Structure formats: C-alpha cells, structure tokens
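Reading the structure
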Amino acid sequence: AVVSTQSTGGGYNSGAPANYNSNYASFSSQPPKQYGNEETMQKQEEISTEVLQPNAEKLVEDEFRKREEDLERRERQLREEQKRLEDARVYGDRVPNFPPLPHFFPCDPCVYHNIDFDIPPEHQLSVRRVFYHWQFTVFCYLMNFIVCF
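Residues numbered from 1 in each chain as written. Predicted model: local features only at pLDDT ≥ 70, side-chain atom pairs only at ≥ 80, totals over all residues. Heavy atoms only, no water.

Overview of the overall build of the protein
Helices and strands together make up the secondary structure of the protein, namely three helices and zero strands. Within the protein, buried positions represent 5% of all 149 residues. Restricting to contacts in the protein with at least 6 residues of sequence separation, those with at least 24 account for 8%. Carbon and sulfur atoms form 57% of the exposed surface of the protein, whose accessible area is close to 14400 Å². (Helix = DSSP H or I, 4+ residues; strand = E, 2+ residues; numbered from the N terminus. Buried < 20%, exposed > 50% of the residue type's maximum accessible area, 1.4 Å probe, protein only. Contact = heavy atoms within 4.5 Å. Areas by Shrake-Rupley, 256 points an atom, 1.4 Å probe, with all protein chains shown as cover.)

So, the environment of L125
Its place among the elements puts L125 in helix α3 (residues 124–148). In the structure, L125 is positioned ten residues away from I115 in sequence and 9.4 Å away in space, judged by C-alpha atoms.

Observations concerning the confidence of the model for the protein
Detailed reading of the predicted coordinates is not advisable wherever pLDDT is low. Looking at the protein, the pLDDT average stands at 75 and 58% of residues meet or exceed 70. Between the elements of the protein, mean pLDDT differs from a low of 77, seen in helix α1 (residues 38–87), to a high of 95, seen in α3. (pLDDT = per-residue confidence, 0-100.)

With respect to the packing of aromatic side chains
Under the counting rule described, the total for this entry stands at five aromatic pairs. A centroid spacing of 6.2 Å and a plane angle of 50° characterise the contact between F98 and W134, whose relative ring orientation is tilted. Note that F98 is positioned in the loop between α1 and α2 (115–118) and W134 in helix α3, a separation of 36 residues in sequence. Residue classification places W134 among the partly exposed residues on the basis of a relative accessible area of 44%. Taking the centre distance of 5.9 Å and the plane angle of 50° together, the rings of F131 and Y132 count as tilted. A residue is classified by how much of its surface remains accessible, and F131, at 17% relative accessible area, is buried. Under the relative-accessibility criterion, Y132 is labelled partly exposed at 48%. Aromatic ring contacts, followed pair by pair, group F98, F131, Y132 and W134 into a single cluster. (Phe/Tyr/Trp six-rings, centres within 6.5 Å; stacked < 30°, edge-to-face > 60°.)

Re the pattern of salt bridges
Enumeration according to the criterion identifies seven salt bridges in this entry. The partner of R65 in a salt bridge is D62, with the nearest N and O atoms 3.1 Å apart. Of the two residues, R65 and D62 both sit in helix α1, three residues apart, roughly one turn of that helix. On the accessibility criterion, D62 (26% relative accessible area) is partly exposed. When the shortest N-O distance is used, the salt bridge between R73 and D70 registers 2.3 Å. With a gap of three residues between them, R73 and D70 both fall in helix α1, about one helical turn apart. The network of salt bridges with common partners includes E61, D62 and R65. (Salt bridge = Lys/Arg side-chain N within 4 Å of Asp/Glu carboxyl O.)

Notes on unusual backbone geometry
The omega torsion across F98 and P99 is 0°, close enough to zero to call that bond cis. Looking at the secondary structure, you find P99 in the loop between α1 and α2.

Quick look at the side chain of Q124
Residue placement: Q124 occurs in helix α3. A polar atom in the side chain of Q124 sits 3.2 Å from the backbone oxygen of D116. (Polar contact = N/O pair within 3.5 Å; in protein donor to acceptor, adjacent residues only side chain to side chain.)

Here's the deal with a nonpolar patch on the surface
Residues F136, F139, M143, F145, I146, V147 and F149 make up a contiguous nonpolar surface patch of about 860 Å² in total accessible area. The exposure class of I146 is exposed, given its relative accessible area of 57%. (Patch = residues over 30% accessible without salt bridge, like charges linked within 9 Å, V, L, I, M, F, W, Y side chains within 5 Å.)

The structure is reproduced here in structure tokens:
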C-alpha cells in the first residue's frame, strides 16, 4: 500500500499522509518508565520524607503562630470596640445632648436631640417650629410659676 503525502489546499506540506487528521493526536496511555529497582526508589522516598518532615513541622508551627497572632489581634479589637461602646452611653455613638445644661449643673443631659440628622428634610421646618413653640410654652409656665410667689 502506497501512502500519498499530498496536502490538500496548497500551502505547507508537512509530509503527513493525506488521510492524517491533525486535530487528533495519539499518545500512548502507558505511564512513564522509571529506571532503577524498587529498593532505590524506596530509599529516595525515605530521603525525601526525612528532608520534608522538619520543614513541614516548621510550616505547621508557623501557621499556628500566625493564627494565634491573628486571634490576639482580633481579641484586642473586640476589647477596644466593647470599651468604646460602654463609653458611648445610652445611644451608642450619640451622646445625650438635651436639655442643654451648664457643666457645673449636677444633672447630665438625658436625651439625644438632633433635628438635622434624625428628621427627614421635608419635615424639619415643621418639627423646628413645634420645638420652638414647646420651648416658649415651658418658658411661660416657669415665668408664671415664679411670678405667682
């Protein structure tokens, strides 16, 4: 049987037979050959495990040390966060600011009050008017109480 080496379609002629399909490659499915006898191969495995064991133990120790440092760092962060939350009284980061009292006064403010932050912009004007009206009413009651005596 004669095999033709003509290429179809012109161009580069690789010398492959005409019925050769370049999309498929054939490889042998046999594992690569290992030279030497079983005894030398076992010695090589023992040597490689002896060399790797100290390094593996060191890697494991380094990994544990990194994890421990990470846990200590997280613990410090949690303690700091807990302290910050305990220091920021009733409303978390919002420290009570109402009623506004002088520092020498024996009582502290008991309510957080911020119209700009807590009230939507479309209702801020009406809330301010009600608040000022309430302050004026309280002032009038106090003056009435003082004048009566």
